[in-house]
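In case you want the letters, here they are:
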Amino acid sequence: IRIQPRDVMMEVKLLLVAAVLWNEPTWSSAGLYPQESESRIIYDMGGIWNFRVSTSPNQGFDEKWYMQALSQTGPVINMAVPSSYNDITQDQSIRDHIGWVWYDRTFFQQPNGAADQRLYLRFEGVHYYCIVWLNGHQILVHEGAHLPFEADVTHILFTEQPPYRITVAVNNTLTPTTLPCGTIEHLDGPMYPPGGFIMQNLQFDFFNYAGIQHRVLLHSVSAARMQDMLVVTMPADDGSSQWIVNCSLNVTGGPRGFDVQLLDKNGTMVARYGGDGSDFVLRVDNPKLWYPWTMSQYGEVAYLYTLQVSSRITCKYCVFVELHTVKYQKSVVL
C-alpha cells in the first residue's frame, strides 16, 4: 500500500510524479500487508524454533538438512523467532558466526478447504540471504534484509498431510554489493586453524545482527482478490474546501465490482464509490486534516480516516488514510 500526500509547494513536480504513479503504478511483489478480515486469515509462525549453526559452508546442503527434522541432523538449540540469533545466547561462537545457520519448526494448521483460497508463507525480513523449504520442497530464495517476501504454498498444504515443516537456511555474509556492505577475507597459515580462517570486514559502526528478524506468517486469501492498492491524496484544484482521494486497485481473478467507503474516526461514511472500475476518485467535503503534535486545529493529533474496500469477489481490506499537505519555507517544514 502506498499513501502519498501532496506537497503544495512542489506542485508541478508532484503532479508529474502522481501522473506516473496513477497511470502506471508499480505493484509490490509481496502484495498487501496481511490483514484479518471476513476473507483473510492469518497464522503467526513466530515462537521457539529449532536452530543449528553450520560448521562448514556446505555442510547443511551436502547432508540435505532440509529433507528431515533439523533435530535429526545433530545438536540443536531453541531460538526465538523473530530475533537476531547473535543476541539470544551466551555463546560467543554463535554471536560472532559468519556463514550459514539453519532453522526449522513444524505446524499443524489446516487450510479451510475452500476451493477459492490460496495459502501464502510470508517472511517480513531475514538478514541477509536465505533459502526456504516446506516439507523438503524449496519454495523461496531471497536476498536482502529489508523487504518482505512470500510464496504460494497452497498445493503443498492441500496435497500433503500435517505436520508441515518449515526449514530456513540463513547466511549473514556481507559483500561489496550487499546493504550494508562488507568484504570477506580468507586467512591461511600456521597461525590459523586447518583450512584457514574467514574474517568479515565491516565498513560501518554497528553490529551485523542476523537471522529471522521479523515476523513469519501463514495467511490465506481468496484466489480472486485485491493484491495491492495505491492511494494519492491532494486538495481540490478548484479552490474549494474539498479534498481528493485518488485510488487504484490491483485485482486478480473474478468479476470486478467494488464498494469503497471512506470512514471518519467515528466510523461515519464521508465519501463512497461503487462500480466496476479499479481506478476511481473520492471527494471529501471539509475534511479534518492530519496535523502533528501541537499543530492540530481540532484538538486531535494525527487524524486518520479509514479507507474500506470491499469487492464482489468477497474480498475486504481496510487502510488508514491521512489528509495533509507539506510546505517548505527555507529550512522549515510545515
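Kindly report on the sheet that holds strand β8 (residues 129-134), identifying the contributing residues and their values.
Strand pairing in a sheet relies on backbone hydrogen bonds, with the paired strands running either antiparallel or parallel. Across the sheet, 6 strands lie side by side as β4-β3-β5-β11-β8-β9; this open sheet has antiparallel pairing. Looking at strand neighbours, the two that pair on one side only are β4 (77-81) and β9 (137-143), the edges of this open sheet. The average angle at which neighbouring strand axes cross in this sheet is 25°, direction not considered. With 8 bridges joining them, strand β5 (residues 100-107) and strand β11 (residues 164-171) adopt antiparallel strand pairing.

Describe the sheet that holds strand β2 (residues 41-44), with residues and values.
Pairing is antiparallel in the open sheet, where 4 strands are placed in the order β2-β15-β6-β10. Taken across any chain shown, the strands that pair with only one partner, and hence form the sheet edges, are β2 and β10 (149-152). Mean inter-strand twist for the sheet, computed between neighbouring axes without regard to direction, equals 25°. Note: β2 against strand β15 (residues 216-222), 4 bridges, orientation antiparallel. The residue of β15 that forms the bridge with I42 is H219.

I'd like a rundown of the nonpolar core, residues and numbers included.
By size, the foremost hydrophobic cluster in this structure holds 31 residues, and its most contacted members are W49, Y103, F123, I166, V168 and I212. For this core, the element with the most residues is β11, which contributes 4 residues. Non-local contacts of F123, meaning those with residues more than four positions away in its chain, are made with V132, L140, L147, P148, F149, I166, V168, I212, R215 and V216. Grouped together as the second largest cluster of nonpolar side chains are 28 residues, M226, L282, C315 and L323 included.

How would you summarise the packing of aromatic side chains if you had to cite specific residues and measurements?
Considering all chains together, one arrives at 16 aromatic pairs under this definition. Ring centres of W100 and Y129 lie 6.0 Å apart, and the angle between their planes is 75°; this geometry places the pair in the edge-to-face category. Separated by 29 residues along the polypeptide, W100 in strand β5 and Y129 in strand β8 bring together distant segments of the chain. Of the residues examined, W100 reaches a relative accessible area of 13% and is grouped as buried. Between F107 and Y164, the aromatic rings sit 5.3 Å apart at their centres with planes inclined by 40°, giving tilted as the arrangement.

Please provide a residue-by-residue account of the layout of surface pockets, values included.
Volume-wise, the largest pocket comes out at about 790 Å³. Forming the boundary of the largest pocket are 30 residues, of which D96, H97, I98, G99 and I198 lie nearest the centre. For the lining of the largest pocket, the secondary-structure elements that each account for two or more residues are α3 (92-95), β12 (182-187) and β13 (197-202). It is β13 that contributes the most residues to the lining of the largest pocket, 5 residues altogether. Here the residues of the lining of the largest pocket are counted per class, giving 12 nonpolar, 16 polar and 2 charged.

Calculation notes
- Residues numbered from 1 in each chain as written.
- Predicted model: local features only at pLDDT ≥ 70, side-chain atom pairs only at ≥ 80, totals over all residues.
- Heavy atoms only, no water.
- Pairing = 2+ DSSP bridges.
- Helix = DSSP H or I, 4+ residues; strand = E, 2+ residues; numbered from the N terminus.
- Axes fitted to C-alpha atoms, helices over the stretch in contact; angles between N-to-C directions.
- Core = buried A, V, L, I, M, F, W, Y, C linked by side-chain atoms within 4.5 Å.
- Buried < 20%, exposed > 50% of the residue type's maximum accessible area, 1.4 Å probe, protein only.
- Contact = heavy atoms within 4.5 Å.
- Phe/Tyr/Trp six-rings, centres within 6.5 Å; stacked < 30°, edge-to-face > 60°.
- 1 Å grid on protein atoms, 1.4 Å probe; cavity = no way out; pocket = protein on both sides within 12 Å on 5 of 7 lines; lining within 4 Å.
- Points joined across faces, edges and corners; volume = space filled by probe spheres on them.
- Nonpolar A, V, L, I, M, F, W, Y, C, P; charged D, E, K, R; others polar.

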